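# Fold and contact review
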Amino acid sequence: SGRISWLVARNGYITDAAHGEFRTTDAGHSWIKTGELGYFMQLVLFSNSPVGWKVGGAGFYRTSDKGVTWKYLDTPFYQSGIFSKMFALDNNKLWMLKSFYYNKGGDIWYSSNSGTNWEQVNTGLISDTLDQVSYSDMKINSTGIGFISGSVYYAAQKINKGFIQKTTDFGRTWATQYFHDEVYHDILLINEIGRA
């Protein structure tokens, strides 16, 4: 399955583990192959500027020229896990969400300098040998209000519970707003109100 990100109106970039990586400069009428099959890039994201990031089995990379060239950056978040979402507030503030994978709970990482350095985010939800947290989506607006969606798998009961958490300080602290039997995936911010 592929992931696509648009830089500006005519420029886009797509990753697909089955086919490679491709870039367009004409709103998708034509695509240039920029990465070969086997890179296994799971996510690509641009911040509405020439700055972008991609992550997957081949590592974490940043570009400052619309994806023409990429620079590898060493990161601390390469334990077991699936990268489920990248979110950028601007060219510097970047979050990486991971989901549950092979008995490893999901986690969230934050960079204030465009992916050069990272710190783990504490949402108050903890994975252990039984209960496993997965993060699905994240949105934060320019005033610092934001939401995370995801699920917790409770092994003893063999059930998933969906959750939504809220921040009002750019993700430094989080409060659980909602637990439900449904699992929520996507978040949309409308006038600072989160919709899952």
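This section reports on the structure supplied with the text.

Before going further, it helps to examine the overall build of the protein. Counting its secondary structure elements, the protein contains 0 helices and 18 strands. Buried positions account for 45% of the 196 residues belonging to the protein. Taking the contacts inside the protein whose residues are at least 6 apart along the sequence as the reference set, 38% of them involve residues at least 24 apart. Of the accessible surface of the protein, which amounts to about 10,100 Å², a share of 51% is contributed by carbon and sulfur atoms.

What follows deals with the environment of Lys33. Counting through the fold element by element, Lys33 comes out in strand β4 (residues 32–35). Here Lys33 falls in the partly exposed class, since its relative accessible area comes to 42%. Sequence separation between Lys33 and Ile14 is 19 residues; the distance between their C-alpha atoms is 9.6 Å.

If you walk through the whole model with that rule in mind, you get 6 aromatic pairs. Look at Tyr135 and Phe163: their rings are 5.9 Å apart centre to centre, the planes differ by 85 degrees, and that puts the pair in the edge-to-face class. Here the residue Tyr135 occupies a position in strand β13 (residues 131–140), and Phe163 occupies one in strand β15 (residues 159–167), the gap between them amounting to 28 residues. Classification of Tyr135 by relative accessible area gives buried; the value is 3%. Take Phe163: its relative accessible area is 0%, and that puts it in the buried class.

Below, the discussion takes up unusual backbone geometry. Even without glycine at this site, Lys158 takes up a positive phi of about 55 degrees. With respect to the helices and strands, the residue Lys158 is situated in the loop between β14 (146–154) and β15. Look at Lys158 and you get exposed, because its relative accessible area is 66%. Positioned with a positive phi, Phe170 is a non-glycine residue whose angle comes to about 60 degrees. Mapped onto the elements of the fold, Phe170 is located in the loop between β15 and β16 (175–180).

If you walk through the whole model with that rule in mind, you get 3 salt bridges. The residue Lys85 makes a salt bridge to Asp137 at a minimum N-O spacing of 3.2 Å. Residue Lys85 is found in strand β9 (residues 82–88), and its partner Asp137 is found in strand β13; the two are separated by 52 residues along the sequence. For Lys85, a relative accessible area of 23% translates into the label partly exposed. The partner of Lys93 in a salt bridge is Asp90, with the nearest N and O atoms 3.3 Å apart. On the accessibility criterion, Lys93 (28% relative accessible area) is partly exposed. Since its relative accessible area comes to 28%, Asp90 is described here as partly exposed. Taken together, the shared-partner salt bridges in this structure form one network comprising Lys85, Asp137 and Lys139.

Strands sit in the order β9-β10-β11-β12 across an open sheet of 4 strands; the sheet is antiparallel. Edge strands, defined here as strands with exactly one partner in the open sheet, are β9 and β12 (119–121). For this sheet, the mean angle separating the axes of adjacent strands, direction not counted, is 30 degrees. Bridge count for strand β10 (residues 94–99) against strand β11 (residues 108–111) is 4 bridges, and the pairing is antiparallel. Paired with Leu94 across the two strands is Ser111, which belongs to β11.

Analysis parameters
Counting starts from 1 at the beginning of each chain's written sequence and moves along it residue by residue. For a predicted model such as this one, the threshold for reporting local features is a pLDDT of at least 70, and the threshold for listing and counting side-chain atom pairs is 80 or more; totals across whole chains, interfaces and linings nevertheless cover every residue. Side-chain descriptors were evaluated using all non-hydrogen atoms of the structure, hydrogens and water having been removed beforehand. A run of DSSP states H or I qualifies as a helix once it reaches four residues; a run of E qualifies as a strand once it reaches two. Both are numbered from the N-terminal end. Exposure classes here rest on a 1.4 Å probe applied to the protein chains alone. A residue is buried below 20% of its type maximum, exposed above 50%, and partly exposed in between. In this description, contact between two residues means that some pair of their heavy atoms is separated by no more than 4.5 Å. Method for areas: the Shrake-Rupley scheme with a 1.4 Å probe, in which residue coverage is limited to the protein chains shown. Any Phe, Tyr or Trp ring, taking Trp's six-membered ring, that has another such ring centre within 6.5 Å forms a pair; planes under 30 degrees apart are called stacked, those over 60 apart edge-to-face, and the others tilted. Should a side-chain nitrogen of Lys or Arg be within 4 Å of a carboxyl oxygen of Asp or Glu, the pair is scored as a salt bridge. In short, DSSP must find at least two bridges between two strands for them to pair. Axis definition: a line fit to C-alpha positions, over the contact stretch in the case of helices; interaxial angles, taken between N-to-C directions, run 0 to 180 degrees.

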